[in-house]
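Below are the chains, spelled out letter by letter.
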Amino acid sequence: MKILDKITLILFSIIVLVISILVALLIFGWVRLSTLNMYLSEMSANALATNITLGASIVCSLLALRAIFFGGNSSENSGDGILLENEAGKLLISKDTIENLVNGVAKGFSNTQSVTTKITVNSENELGVFVTLMVLPNTVINELSMNLQTRIKEVVKRVADLEVKTIDIKIKDITAPEGKTEG
């Protein structure tokens, strides 16, 4: 979230909180409407207070218009994947697509048995890949993980033109080859 969006959210939250508290105080009878009206009248009689209120109102109105018309559209990061834009249009590459791509790469290694993948995309549009594997006995795990990390980065860059920031690998278990049982 950008800093201007955070400031906008904080300002609107404070304004809504103050208005909610005032309405609650009025409803419960802890503050009289005449008392509130008196404070507002005194504030409007003071030129400095009026100018500050007017300036704050204009800023809040502009921030509201920005949030209504431009909020959420400028972000490249979508909850479902990564949104890429160029002069011809937009392209959304879903997390599922990247997961399937990574699974295909991992299954291409002869020592892997079972592969599950999770993709994360942070606010800076950086990809994180989490791969969980089951491997065959006699697998050199460190060598497999380094080769797998390198290959995943290469394939994702070539196919989707995306940079992978981190690739975390978890070896879940060492299993017997599929189709073979001990005994």
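Please refer to the structure higher up on the page.
Rules of the game
Residues numbered from 1 in each chain as written. Predicted model: local features only at pLDDT ≥ 70, side-chain atom pairs only at ≥ 80, totals over all residues. Heavy atoms only, no water. Salt bridge = Lys/Arg side-chain N within 4 Å of Asp/Glu carboxyl O. Buried < 20%, exposed > 50% of the residue type's maximum accessible area, 1.4 Å probe, protein only. Core = buried A, V, L, I, M, F, W, Y, C linked by side-chain atoms within 4.5 Å. Helix = DSSP H or I, 4+ residues; strand = E, 2+ residues; numbered from the N terminus. Contact = heavy atoms within 4.5 Å.

## Things to note about the pattern of salt bridges
At step 1: Overall, the coordinates contain three salt bridges when judged by the stated rule.
At step 2: Salt-bridge contacts for Lys157 lead to Asp161; the nearest nitrogen and oxygen are separated by 3.0 Å.
At step 3: Between Glu163 and Lys157 there is a salt bridge whose closest N-O contact spans 3.1 Å.
At step 4: Assessed through its relative accessible area of 37%, Lys157 is described here as partly exposed.
At step 5: Residues joined by salt bridges that share partners form a network here, namely Lys157, Asp161 and Glu163.

## Concerning the nonpolar core
In summary, soluble globular proteins display a tendency toward joint burial of nonpolar side chains.
At step 1: Residues Val102, Leu127, Val131, Leu133, Ile152 and Leu162 are the most contacted members of the largest nonpolar core, which totals 23 residues.
At step 2: Of all the secondary structure elements, the ones that give two or more residues to this core are α4 (95-107), β4 (112-121), β5 (127-135), α5 (141-160) and β6 (164-174).
At step 3: Here the element with the most residues in this core is α5; it accounts for six residues.
At step 4: Those residues in contact with Leu127 that lie beyond four places of it in its chain are Ile82, Ile98, Ile119, Thr120, Val121, Val156, Leu162, Glu163, Val164, Lys165 and Thr166.

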